[in-house]
Amino acid sequence: LGVPFVWNFTRLYLMRRGHVAVELSTFPQNITGTLQGFNPERYAGLHASDAQTSDIFAQVGRLLKSRHSPLPRADTLYMTGHSRSAGPTWPYMDTHHERFRLRRGAPIYDGFFPETSRTAARFGPFPNAAVPTLQLNSQLEVQEVFAQDGIDYRKPDSDKPRKPFRLWEVAGMPHHDSRENPLYQREPCDLPLNRFPYKPVVIMALDHLIRWVTEGVRPPHAERISVIGGPGGEIELDANGNAVGGVRTTYVDVPFATHSPLNSGSDANCEVLGSQQPFSLDRLISLYGSHDRYVGLVDKRLDRLVRKGWYLPRYARELRAEAAAFGGFAP
């Protein structure tokens, strides 16, 4: 159960594997602004408060797993959300996951996937739950919540039966995707947008969670993004200006630009779209020597990432093609 962002990021993966996504939103503005704005008469009596949110998630989850479900054979449910919409995951896990159950004590939700959870991270570490939880954060959560605000949302990974948990922080990843978003093919911000390959990382993480729940295959552990001084400190950057540590991709390991979660501009979304500063031709030549060597290093790094479970082969092929077509070495 989630909102359109997670569906948008993972839709092709989900549909190819026969999964179904259900959008469930209890935000009051979605009712008063969206539904009542669309059909004031039909939705005039509809309302929901923050205090009802976890109850609603429990009721809908029970329905989907019951014999009255509109989705037959909904045997496994995952609660997810992106950004602010990941916020309801935290209180549900804290107050409702153990309290509200199916017959014979089975959980309503079999896994939790709070994704790029800037809002939820401000609550602090996620509560323990006796089902797999994979928290995927972008570099912006580390920058704004952990480093800037000094809120320590991190907790150790665990494989214990009562609290299976992974925290992955992705180096170079902005809070929101602009790579394939038609609204941001132009550059509306002060700096060029961060075109980090967002969707493959979210898909990879969700794939690990699903296999953890359904097959018992434990996801790998990842280093945290390095923050000098701990909470309230500064993210450590390498010689190319990219973050040290965290979940890695070729965008930070074989970089052609500095990838930052920060940006500014008149568009309100600039702060969540991040920025990238392309390297000059001289810089690229000093790093790689030639286009062919750059492509070879991308291929080699992708081979290792795929082998270690940090990238799915289908999407690795897209990065290989992108590297082959990269025009930064042209004089």
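Undergrad: How do you make sense of the sheet that holds strand S3 (residues 133-137) when you look at a structure like this?
TA: Strand pairing in a sheet relies on backbone hydrogen bonds, with the paired strands running either antiparallel or parallel. As summarised here, the arrangement of the 4 strands in space is S1-S2-S3-S4, forming an open sheet in which the pairing is parallel. Where the open sheet ends on each side, the last strands, each with one partner, are strand S1 (78-82) and strand S4 (165-169). Taking the axes of each pair of neighbouring strands and ignoring which way they run, one obtains an average angle of 5° across the sheet. Bridge count for S3 against S4 is 5 bridges, and the pairing is parallel. In the sheet register, glutamine 135 faces S4, and the bridge partner there is leucine 167.

Undergrad: Help me out: how do you make sense of the pattern of salt bridges in this one?
TA: Charged atoms that come close allow side chains of opposite charge to pair. Considering all chains together, one arrives at 18 salt bridges under this definition. A salt bridge links aspartate 207 to arginine 211, with the nearest nitrogen and oxygen atoms 3.1 Å apart. Placement of both aspartate 207 and arginine 211 in helix H7 (residues 198-215) is noted, with a separation of 4 residues, approximately one turn of the helix. Its relative accessible area of 25% is what places arginine 211 among the partly exposed residues.

Undergrad: Before we go on, may I ask you to explain the layout of surface pockets in this structure?
TA: It is a probe the size of a water molecule, rolled over the atoms, that shows where empty space is left. Reported here for the second largest pocket is a volume of approximately 420 Å³. Along its surface, the second largest pocket is lined by 20 residues, and Phe5, His82, Ser83, Arg84 and Ser85 are the ones closest to its centre. Breaking the lining of the second largest pocket down by element, the ones donating at least two residues are helix H1 (4-16), helix H2 (28-38) and helix H9 (270-273). Ranked by residues supplied to the lining of the second largest pocket, first place goes to H2 with 3 residues. Of the residues in the lining of the second largest pocket, the class split is 7 nonpolar, 9 polar and 4 charged.

Undergrad: Please clarify how the nonpolar core should be interpreted in this entry.
TA: General note: in soluble globular proteins, nonpolar side chains tend to be found buried as a group. With 43 residues, the main nonpolar core has Phe113, Leu136, Trp168, Tyr294 and Tyr311 as its most contacted residues. For this core, the secondary-structure elements that each account for two or more residues are H1, S3, H7, helix H10 (281-288), helix H11 (291-307) and helix H12 (313-325). Ranked by the residues each element gives to this core, the list is headed by H7, at 10 residues. Contacts of tryptophan 168, omitting those with residues within four sequence positions, involve Leu134, Gln135, Leu136, Asn137, Met204, Ala205, His208, Pro219, Pro220, Ala222, Val247 and Trp310. Counting residues in each nonpolar core, the second largest holds 31 residues, with Ala58, Val145, Ala147 and Phe165 among its members.

Undergrad: Would you mind going over the packing of aromatic side chains with me for this structure?
TA: Describing an aromatic ring pair means giving the distance of the ring centres and the angle of the ring planes. Tallying each qualifying case throughout the model produces 15 aromatic pairs. Ring centres of phenylalanine 146 and tyrosine 153 lie 6.1 Å apart, and the angle between their planes is 75°; on these two criteria the pair is classed as edge-to-face. Between tyrosine 251 and phenylalanine 256, the aromatic rings sit 5.1 Å apart at their centres with planes inclined by 75°, giving edge-to-face as the arrangement. Each member of the pair, tyrosine 251 as well as phenylalanine 256, carries the same accessibility label: buried. Within the aromatic cluster, the residues linked to one another by ring pairs are Phe196, Tyr251, Phe256, Tyr288, Tyr294, Phe326 and Phe329. Lying over the aromatic face of phenylalanine 146, arginine 154 brings its terminal NZ or CZ to 4.0 Å of the ring centre. Note that arginine 283 overlies the ring of phenylalanine 279, its terminal NZ or CZ placed 5.8 Å from the centroid.

Undergrad: How do you make sense of unusual backbone geometry when you look at a structure like this?
TA: Working note: non-glycine residues mostly have negative phi, and peptide bonds are mostly trans. Its identity is not glycine, yet arginine 104 carries a phi of approximately 65°, on the positive side. The topology assignment puts arginine 104 in the loop between helix H4 (89-96) and strand S2 (111-115). Judged by relative accessible area, arginine 104 falls into the exposed class, the value being 89%. Backbone geometry at threonine 116 places phi at a positive 50°, although glycine is not the residue there. Of note, threonine 116 is situated in the loop between S2 and helix H5 (118-121). Here threonine 116 falls in the buried class, since its relative accessible area comes to 0%.

Undergrad: What am I meant to see in the side chain of threonine 249 here?
TA: Looking at the element boundaries, threonine 249 is found in the loop between strand S6 (234-235) and helix H8 (250-253). Under the relative-accessibility criterion, threonine 249 is labelled buried at 1%. Not counting residues within four places of it along the chain, the set of residues in contact with threonine 249 comprises Phe196, Val201, Leu305 and Tyr311.

Undergrad: What is the right way to look at the state of the cysteines in this model?
TA: Each disulfide consists of one covalent bond between the sulfur atoms belonging to two cysteines. Evaluated as defined, the whole model comprises 1 disulfide. Linked covalently through their sulfurs, cysteine 189 and cysteine 270 form a disulfide whose S-S length is 2.1 Å. Here the disulfide of cysteine 189 and cysteine 270 is left-handed, its torsion about the S-S bond being about -95°. Here cysteine 189 is found in the loop between S4 and H7, whereas its partner cysteine 270 is found in helix H9, with 81 residues between them in sequence. Under the relative-accessibility criterion, cysteine 270 is labelled buried at 1%.

Undergrad: When you look at the pairing of S2 in this model, what are you seeing that I'm missing?
TA: Along a regular strand, successive side chains alternate from one face of the sheet to the other. With 5 of its 5 residues buried, S2 lies for the most part within the structure. Burial along S2 is two-sided: the face carrying Gly111, Phe113 and Glu115 and the face carrying Phe112 and Pro114 are both buried. The sheet contact formed by S1 and S2 spans 5 bridges and is parallel. Counted as the bridge partner of threonine 80 is phenylalanine 113 from S2. With H4 bridging S1 and the parallel S2, this β-α-β connection has right-handed handedness.

The rules behind each value
In this convention, every chain numbers its residues from 1, walking through the sequence in written order. Whole-chain, interface and lining totals are the exception, using all residues; otherwise, since this is a predicted model, local features are given only for residues with pLDDT of at least 70 and side-chain atom pairs are given and counted only at 80 or more. Values shown for side chains rest on all heavy atoms present in the structure; no hydrogens or waters enter the calculation. When DSSP locates at least two bridges between a pair of strands, those strands are taken to pair. In DSSP terms, a helix is any run of H or I states spanning at least four residues, a strand is any run of E spanning at least two, and both are numbered starting from the N terminus. Between N-to-C directions, angles cover 0 to 180 degrees, with each direction set by a line fitted to C-alpha atoms, over the stretch in contact for helices. Note on definitions: salt bridges are taken to be side-chain nitrogens of Lys or Arg within 4 Å of carboxyl oxygens of Asp or Glu. Only protein chains enter the accessibility calculation, which uses a 1.4 Å probe. A residue is then buried if its area is under 20% of the maximum for its type, exposed if over 50%, and partly exposed in between. Cavities and pockets were defined on a 1 Å grid built from protein atoms only: a cavity is a group of points that admits a 1.4 Å probe but offers it no way out, a pocket is an open group of points flanked by protein on both sides within 12 Å along at least five of seven lines, and a lining residue is one with an atom within 4 Å of any such point. Grid points are joined across faces, edges and corners, and a volume is the space filled by probe spheres set on the points. Gly is placed with the polar residues, together with every amino acid not listed as nonpolar (Ala, Val, Leu, Ile, Met, Phe, Trp, Tyr, Cys and Pro) or charged (Asp, Glu, Lys and Arg). For our purposes a nonpolar core is just a set of buried Ala, Val, Leu, Ile, Met, Phe, Trp, Tyr and Cys residues, chained together by side-chain atoms within 4.5 Å. Here, two residues are considered to be in contact whenever any of their heavy atoms come within 4.5 Å of each other. Classification of ring pairs rests on two measures: the distance between centres of Phe, Tyr or Trp rings, Trp counted by its six-membered ring, which must be within 6.5 Å, and the angle between planes, read as stacked under 30 degrees, edge-to-face over 60 and tilted in between. Think of it as a cone above the ring: NZ of Lys or CZ of Arg counts as a charge over the ring if it is within 6 Å of the ring centre and within 35 degrees of the ring normal. The term disulfide is used for any two cysteine sulfur atoms that are within 2.5 Å. By convention, orient the strands away from the viewer: a clockwise path from the first strand over the helix to the second makes the crossover right-handed.

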